[in-house]
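The chain contents come next:
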Amino acid sequence: MSQWTTVCPLTDILPATGVCALVGNEQIAIFRPRNDDQVFAISNIDPFFEASVLSRGIIAEHLGELWVASPLKKQRFRLRDGLCMEDESRSIAHYPARVQDGQVQIKA
C-alpha cells in the first residue's frame, strides 16, 4: 500500500515553477502552478529523450487544463494525469499530491 511521503515545505516551490524530488526510486516533478496550495506530481523523465528535465518545463494552460512543456522539444504533458498532448502512447506516470500542514506530500 502506498503512503504519503513528505517532500518539502510548500514555500520551497515558487508559484509557476516546478522542482524535482527523489521519492523511493522515482524522480518526480512537483509543480505549483499558482500562488495557492494546489500542487501536481508527474514523472520527471521526458519519455521522448529519457532525460530528467520535466521539472524545469514551462507551465501553461490550454482549454482549461494545466500542462507542462518539456524544455527539450516542447512536448506537453497534462499535470493532472500525465497525458502527452502530442502522442498519447508517450504519456507519463502521475502521482497524488497534496499540501498538509504547509508540507508538500506525494503518494508514490
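That block above? That's the structure.
Fair warning: this is a prediction, and the values are worked out from it, not measured in the lab.

A closer look at the overall build of the chain
Argument step 1. Counting secondary structure elements, the chain contains zero helices and 12 strands.
Argument step 2. Written out in order from the N terminus, the α and β elements of the chain read β-β-β-β-β-β-β-β-β-β-β-β.
Argument step 3. Taken against the 2.2 N^0.38 rule, which gives 13 Å for 108 residues, the C-alpha radius of gyration of the chain at 13 Å falls within 12% of a compact globule.
Argument step 4. Along the first, second and third principal axes, the C-alpha atoms of the chain reach 35 × 30 × 20 Å.
Argument step 5. The proportion of buried residues among the 108 residues of the chain is 40%.
Argument step 6. Restricting the contact set of the chain to residue pairs at least 6 apart, pairs at least 24 apart contribute 42%.
Argument step 7. A total accessible area of about 6000 Å² is found for the chain, and carbon and sulfur atoms account for 48% of it.
Argument step 8. Taken as two groups, the 11 positive and 13 negative side-chain charges of the chain have centres that lie 2 Å from each other.

Some points on the environment of Asp37
Argument step 1. Mapped onto the fold, Asp37 is located in the loop between strand S3 (26–32) and strand S4 (40–43).
Argument step 2. For Asp37, a relative accessible area of 53% translates into the label exposed.
Argument step 3. When the C-alpha positions of Asp37 and Pro15 are compared, they lie 9.6 Å apart, and in sequence the two are 22 residues distant.

What about the pairing of strand S8 (residues 65–69)?
Argument step 1. Of all five residues in S8, four are buried, a share of seventy percent or more.
Argument step 2. Relative to S8, strand S7 (residues 58–62) runs antiparallel, the two sharing five bridges. Within the sheet, the bridge partner assigned to Glu61 lies in S8 and is Leu66.
Argument step 3. Two successive antiparallel strands, S7 and S8, enclose a turn made up of two residues, where Leu63 displays a positive phi of approximately 55°.
Argument step 4. With antiparallel pairing between neighbouring strands as the criterion, S8 and strand S9 (residues 76–78) make up a hairpin whose turn holds six residues, including Lys74 at a positive phi of roughly 70°.

Conventions used here
- Residues numbered from 1 in each chain as written.
- Predicted model: local features only at pLDDT ≥ 70, side-chain atom pairs only at ≥ 80, totals over all residues.
- Heavy atoms only, no water.
- Helix = DSSP H or I, 4+ residues; strand = E, 2+ residues; numbered from the N terminus.
- Rg over C-alpha atoms; globule rule 2.2 N^0.38 Å.
- Buried < 20%, exposed > 50% of the residue type's maximum accessible area, 1.4 Å probe, protein only.
- Contact = heavy atoms within 4.5 Å.
- Areas by Shrake-Rupley, 256 points an atom, 1.4 Å probe, with all protein chains shown as cover.
- Lys, Arg positive; Asp, Glu negative; His and termini not counted.
- Charge placed at Lys NZ, Arg CZ, Asp CG, Glu CD.
- Pairing = 2+ DSSP bridges.

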